[in-house]
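Structural description and commentary
Spelled out from the first residue to the last, the chains are:
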Amino acid sequence: MTKRITAILATILVVTLAMVGCTPKEKVVTDREGNEVKLPSNMERIISTAPSNTEVLVELGLADKLVAVDKYSSDIDGLDKNIEKIDFLNPDAEAIIALDPDIIIASGHNKSGSSEDPFKLIQEAGISVVCIPSSDSIQGIYEDIMFMADITNTKDKGQEIVDNMKKQVEEIKTIGDTITDKKKVYFEIAPAPSLYSFGSSTFLNEMIELIGAENVFKNEKSWISPSEEAIIDANPDVILTNVDYVENPTEEIKARKGWENINAIKENKVFIINSNTSSRPSQNVIKALKEMATSVYPENFK
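Residues numbered from 1 in each chain as written. Predicted model: local features only at pLDDT ≥ 70, side-chain atom pairs only at ≥ 80, totals over all residues. Heavy atoms only, no water.

Re the sheet that holds strand S10 (residues 214–215)
Across the sheet, four strands lie side by side as S10-S8-S12-S13; this open sheet has parallel pairing. Edge positions in the sheet fall to S10 and strand S13 (270–272), since each has one partner strand and no second. Of the strand pairs in this sheet, strand S12 (residues 238–241) and S13 are connected by three bridges, and their pairing is parallel. What sits directly across from Thr 241, in S13, is Ile 272. In this fold helix H12 (residues 285–296) packs onto strand S8 (184–188), S12 and S13, with an angle of close to 150° to the strand it touches most, S12. (Pairing = 2+ DSSP bridges. Helix = DSSP H or I, 4+ residues; strand = E, 2+ residues; numbered from the N terminus. Contact = heavy atoms within 4.5 Å. Axes fitted to C-alpha atoms, helices over the stretch in contact; angles between N-to-C directions.)

Here's what the structure looks like:
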C-alpha cells in the first residue's frame, strides 16, 4: 500500500513539474524610456497612444489586435474605421481599463506638460505600459521599430521594415554625398507669429543633411522658436514647411512683409512637405525624405 501511494505521489510530482515547464515564462523588458516592464504572456489586445506607434504596429501586421488608438491616428490606412479613439492628452483611466488591453504602447508626448504619470492608475490595474519617447535620429526610429517588433513577436517583419528603410536612406545619401553646392534650407513647422523650427539633434535636421543640404539653424539644438530677423539674416536658398492648418501655407510665407529679399522667396523655392510623414517618427519618414530631396535638388533626385 505504501509503495502504491509513493508511486501515485511520484506521478503527481512528475505531472506538476511538466505543467510548470509548459507555463509561459514571464518576460521583462526595458522600454525605450528605460523602464523595466513585465510583458503579458498573451498580446491580443493592444492600445497605441501616438500616430507614429500606430503606423509601425499597422505595418507590422497588428492592425487587427489594436482595440484603441489616439485620436490623431484616425487617418492611418489599415485601421478599422470604428476603432475606439481616445484623447491621450486627457486620458480616462477607467474607460481605458474597461477596454481590457493586454498592453499599452505609449509615447513620451503623453507625459509632456504633466507632473503626474497619466498611466499610473492603469499600471496599478495590472496592465503593462511601455513608453517610446520621440526619437531624435533615424537610428533611433530603427530601434523604436525593432523594440515594438520584439515585444509583439513580429521580429522578422520589423527587420524587413528596417532593412528596407536603410536601403532607401543609403540610396539618397549616396546622391547627397556627391552634392558640393549645399543649399541652405529653412524648415518651418509652425507659422508666424509663433515661428517654430529645429536645429541639430533632430531626425529632420539629419534628413536635410542626408539629401546634401544644410539647415540654416544647424548650430542651434533641438526644437527652436527663431525670430523673423534670424531667418531673414540666414537668407535660405529653399524654404520647406509642413504646416497644414493655414490656407495655402507656401503663399502665406511668400507674402510676408520683409521676406521679399530672401533667396528662396525671390527664386520661388518654397515647398510644402507632408505633415504626417515629416512629423511622425515611423517608417514613413522615408516618404518625407524623398519629398525633401526632390524639392531641394530636383535635378539630382529624379
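Some remarks on the pattern of salt bridges
Counted according to the given criterion, the structure contains 15 salt bridges. Between Glu 55 and Arg 280 there is a salt bridge; the shortest N-O distance is 2.9 Å. Here the residue Glu 55 occupies a position in helix H2 (residues 51–59), and Arg 280 occupies one in the loop between helix H11 (275–279) and H12, the gap between them amounting to 225 residues. In terms of burial, Glu 55 and Arg 280 fall into one category: buried. Among the salt bridges present, the one from Glu 188 reaches Arg 256, with a minimum N-O distance of 2.7 Å. Within this pair, whereas Glu 188 is found in strand S8, its partner Arg 256 is found in the loop between helix H9 (249–254) and helix H10 (263–266), the two being separated by 68 residues in sequence. The class of Glu 188 is buried, set by a relative accessible area of 1%. (Salt bridge = Lys/Arg side-chain N within 4 Å of Asp/Glu carboxyl O. Buried < 20%, exposed > 50% of the residue type's maximum accessible area, 1.4 Å probe, protein only.)

Here's the deal with the sheet that holds strand S6 (residues 103–107)
Pairing is parallel in the open sheet, where five strands are placed in the order S5-S4-S3-S6-S7. At either margin of the open sheet sits one strand with a lone partner, and together these are strand S5 (84–86) and strand S7 (128–132). Ignoring strand direction, the axes of neighbouring strands in this sheet form an average angle of 20°. In terms of strand pairing, S6 meets S7 through five bridges, oriented parallel. Across the sheet, residue Ala 106 finds its bridge partner in S7, namely Cys 131. Relative to strand S4 (residues 66–70), H2 is tilted by about 150°, and along the sheet it contacts strand S3 (46–48), S4, S6 and S7. The sheet contacts of helix H5 (residues 138–151) involve S6 and S7, and relative to S7 the element is tilted by about 165°.

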